[in-house]
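A structural walkthrough
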Amino acid sequence: MIDLKALRKNPERFITGAEQKGVDVDIPRLVELDAQIRALKAEQESLRAEQKALSKKSGFFIGDLMKKINNPTCPESRKAEYQAEVKEIKSAPAALKAQIQQLDEQIATIEPEVTTIHLGIPQPADADVPVGKSADDNIERSTWAPDWWDKNKSFQANKGFKPRTHIELCAMHNLVDYPRGVKIAGSRSYILTGDGMRLHQAILRYALDTMVNQNGFKPMSVPVLVREEAMIGTAFFPGGKDQAYEVNETARGGGHDMYLTGTGEVGLMGIHQDEILDEADLPLKMVTVSTCFRREAGAAGKDTAGLYRIHQFDKVEQVIIDVADEATSRKHHQTMMGFVQSLLQTLQLPHRLLQCCTGDLGTKNADMIDIECWMPGRGDEDDSGTPTGDYGETHSASRLYDYQCRRLNMRYRQGGDAGKGPTTICHSLNNTVAASPRILIPLLEMHQNADGSINIPVPLQPYMNGQEKIS
RNA sequence: GGAGAGGUGGCCGAGUGGUCGAAGGCGCGCCCCUGCUAAGGGCGUAGGCGGGUAACUGUCUCGAGGGUUCGAAUCCCUUCCUCUCCGCCA
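What this report covers is the structure whose coordinates are included nearby. (Residues numbered from 1 in each chain as written. Chains lettered and ligands numbered in written order. Predicted model: local features only at pLDDT ≥ 70, side-chain atom pairs only at ≥ 80, totals over all residues. Heavy atoms only, no water.)

Moving on to the overall build of chain A. Looking only at helices and strands, chain A features 13 helices and 18 strands. Against the 2.2 N^0.38 benchmark of 23 Å for 471 residues, chain A shows a C-alpha radius of gyration of 30 Å, more extended than a compact globule. For the C-alpha atoms alone, the extent of chain A along its principal axes is close to 110 × 45 × 45 Å. Of all intrachain contacts in chain A linking residues separated by at least 6 positions in sequence, the fraction that spans at least 24 positions is 72%. Treating the 54 positive side-chain charges of chain A as one cloud and the 64 negative ones as another, the clouds have centres 5 Å apart. (Helix = DSSP H or I, 4+ residues; strand = E, 2+ residues; numbered from the N terminus. Rg over C-alpha atoms; globule rule 2.2 N^0.38 Å. Contact = heavy atoms within 4.5 Å. Lys, Arg positive; Asp, Glu negative; His and termini not counted. Charge placed at Lys NZ, Arg CZ, Asp CG, Glu CD.)

Pasting the structure below:
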């Protein structure tokens, strides 16, 4: 959610920002309605002030008269007299009341539209984010590959044999059971079996442990079934509503519909919703591992085979909540990406950093860097029917300034809730640490041997009881 | 699922229709007093929105939403949440 004060001051900035992100939102309309609503409220407030003053002045008189009237010993003739007096005293505030109510109605007709437009305005991208329409306009910033891999050569040229896709490798070693997954849960479902499940757990645990033990993040277990407020607060709703599974509890008499989260970010960011944090406690660095649910609406037919695009997966997610300072936010962004890069390096996975263009940022981000791993089984096939490989997104690092925390009403100041001085809305960032089973794709494909066996990267071996190979 | 109790400021806790944004206590901050640690005294201590360069000021908020009333923390309705007991249960 953007700052309305900032909008009043400089609507052009937000209009341009929305255009660059390809978001259709009527900002001039909001500016107009905002002015209207403020004028109405100002008028209403002055009426209220008058009403209150009158009420304070006459309250005791009325109370006193009412007591006399209600007294059984009061003669009827006096009662009528008192009643007339009460009626007169009441007439002035009563008239104000009607006016106030009328203004209330006017405000109520405008307010929903204001809220709808307000929530729909995207955070303008930072000036250094390239302007573009779609993922095609994203820009590669850097690449990394282990010594034994030359990214300019084919898989065969690098390793001396043709690659099997992760689908073939999974079938070969019984790592995944797709048909039974589909039987249970429908398309895009799967069952990790045996070493598949072990490897999945190993990478998650390795990622979590690294963040906690080496990088100082606090591990959290958070709800994945949440209220709509949490989805709106974290800015996934209203825009992404069709991407989330809905648990329709109201239809069966429950209090609230619930939603399954598509990322642990929702739970982590929701923790301190509506709180005033102590500046001394910042930054908050938290990590969670959670199951993520995504409907993948609109992706029909895309990446249907394998583990790439699925409805349910597990993800280790990192977030940082800190003071409202651009330089600090930018620094955190780099640091968080650094954690991912070194993780991928220890796993010997070639990858690149991709600067997302304005059109690919999503509404809430001022900046977003995707990290993509090289997946030999993706991409076009050559003449012999062998895939030529391609990068596939495995991580996404977002920088949001105060856009998300404003919605969450998450603030900080000296001394926290009981402290003094002005409150400031926090800045937030989030970044994938590892999402599995998608990360298994490059892991299996890059570490396969000519005979189809798969080397388990050294850091994961302790999590697999010392096992070095899947064969 | 059944029965009951309750939601007030950072915390505890008063307040059942009128000057209550809310007594009192704790905590916290500043100051004073006091020659050791301790104790005492004074003042100050909610957030949002709007207006003002500012001092300041208007308004809203006592779980949430709605209603009654000239006036609601206080009355009515709805709802959410928490706690206790029973049942069930990973």
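Having seen it, we continue.
Scanning the model with the defined rule gives seven aromatic pairs in all. Between the aromatic rings of tryptophan 374 and tyrosine 391, the centroid separation amounts to 5.0 Å while the plane-to-plane angle is 80°, which identifies the pairing as edge-to-face. You can see tryptophan 374 sitting in strand 12 (residues 367-375) and its partner tyrosine 391 sitting in strand 13 (residues 390-399), a full 17 residues away along the chain. In textbook terms, an aromatic cluster arises when at least three aromatic residues are bridged by ring pairs, as seen for Trp148, Trp149, Phe155 and Phe161. Lying over the aromatic face of phenylalanine 14, arginine 13 brings its terminal NZ or CZ to 4.8 Å of the ring centre. In this arrangement the basic side chain of arginine 438 is found over the ring face of tyrosine 308, its NZ or CZ atom lying 3.7 Å from the centre. (Phe/Tyr/Trp six-rings, centres within 6.5 Å; stacked < 30°, edge-to-face > 60°. Lys NZ or Arg CZ within 6 Å of the ring centre and 35° of its normal.)

Another aspect to go through is the pattern of salt bridges. Tallied over the entire structure, the rule returns 23 salt bridges. Between glutamate 113 and arginine 29 there is a salt bridge, and its shortest N-O distance comes to 2.8 Å. Remark: arginine 29 occurs in helix 3 (residues 27-70) and glutamate 113 occurs in helix 4 (residues 76-120); sequence separation between them is 84 residues. With a relative accessible area of 31%, glutamate 113 lands in the partly exposed category. Note that glutamate 317 and lysine 315 form a salt bridge whose closest N and O atoms lie 2.7 Å from each other. Per residue, the accessibility class of glutamate 317 equals that of lysine 315, and both read buried. What emerges from the salt-bridge pattern is a single network uniting Asp126, Asp128, Glu326, Arg330, Asp367 and Arg399. (Salt bridge = Lys/Arg side-chain N within 4 Å of Asp/Glu carboxyl O. Buried < 20%, exposed > 50% of the residue type's maximum accessible area, 1.4 Å probe, protein only.)

Counting residues in hydrophobic clusters, the biggest one holds 57 residues, and the most contacted among them are Leu199, Leu347, Leu444 and Leu460. Discounting chain neighbours no more than four positions away, the residues touching leucine 444 are His166, Leu169, Cys170, Leu175, Leu199 and Ile454. The next biggest cluster of nonpolar side chains, apart from the first, holds 22 residues, and it includes Leu4, Leu7, Leu47 and Ile121. (Core = buried A, V, L, I, M, F, W, Y, C linked by side-chain atoms within 4.5 Å.)

Read across the open sheet, the three strands follow the order 8-14-15; overall the sheet is mixed. Two strands in the sheet have a free side with no partner beyond their single neighbour: strand 8 (276-278) and strand 15 (424-425). Summarising the sheet, strand 14 (residues 411-413) and strand 15 pair through two bridges and their orientation is antiparallel. Each residue of the ladder has a partner; that of arginine 411, found in strand 15, is isoleucine 425. (Pairing = 2+ DSSP bridges.)

In this structure, the second largest pocket encloses a volume near 300 Å³. Together, 16 residues line the second largest pocket, and Ala185, Ser189, Tyr190, His311 and Gln312 are the ones closest to its centre. Across the lining of the second largest pocket, the residue classes tally to eight nonpolar, six polar and two charged. (1 Å grid on protein atoms, 1.4 Å probe; cavity = no way out; pocket = protein on both sides within 12 Å on 5 of 7 lines; lining within 4 Å. Points joined across faces, edges and corners; volume = space filled by probe spheres on them. Nonpolar A, V, L, I, M, F, W, Y, C, P; charged D, E, K, R; others polar.)

Looking at where asparagine 158 falls in the secondary structure, it is placed in helix 5 (residues 155-159). Not counting residues within four places of it along the chain, the set of residues in contact with asparagine 158 comprises Trp148, Trp149, Asp150 and Lys153.

The next subject is the sheet that holds strand 7 (residues 258-260). If you trace the three strands from one edge of the open sheet to the other, you get 5-7-6, paired in antiparallel fashion. Strand pairing shows two members of the sheet lacking a second neighbour, strand 5 (225-227) and strand 6 (246-247), which therefore form its edges. With three bridges connecting them, strand 5 and strand 7 associate as antiparallel partners. Across the sheet, valine 226 pairs through a bridge with tyrosine 259, a residue of strand 7.

What follows deals with the pairing of strand 11 (residues 351-355). The element strand 11 is largely enclosed, with a buried count of five among its five residues. What you see with strand 11 is no split at all: His351, Leu353 and Gln355 on one side and Arg352 and Leu354 on the other are buried throughout. Judged from the five bridges that link them, strand 11 and strand 12 form a sheet pairing that is antiparallel. Paired with histidine 351 across the two strands is cysteine 373, which belongs to strand 12.

A few words now on the pairing of strand 16 (residues 427-436). With ten of ten residues buried, strand 16 lies mostly within the body of the structure. Strand direction decides the pairing type here: strand 10 (residues 312-322) and strand 16, joined by nine bridges, are antiparallel. Following the sheet pairing, lysine 315 is matched in strand 16 by alanine 435. Two elements, strand 13 and strand 16, share three bridges in a ladder whose sense is antiparallel. Its bridge partner lying in strand 16, serine 398 is registered against asparagine 430.

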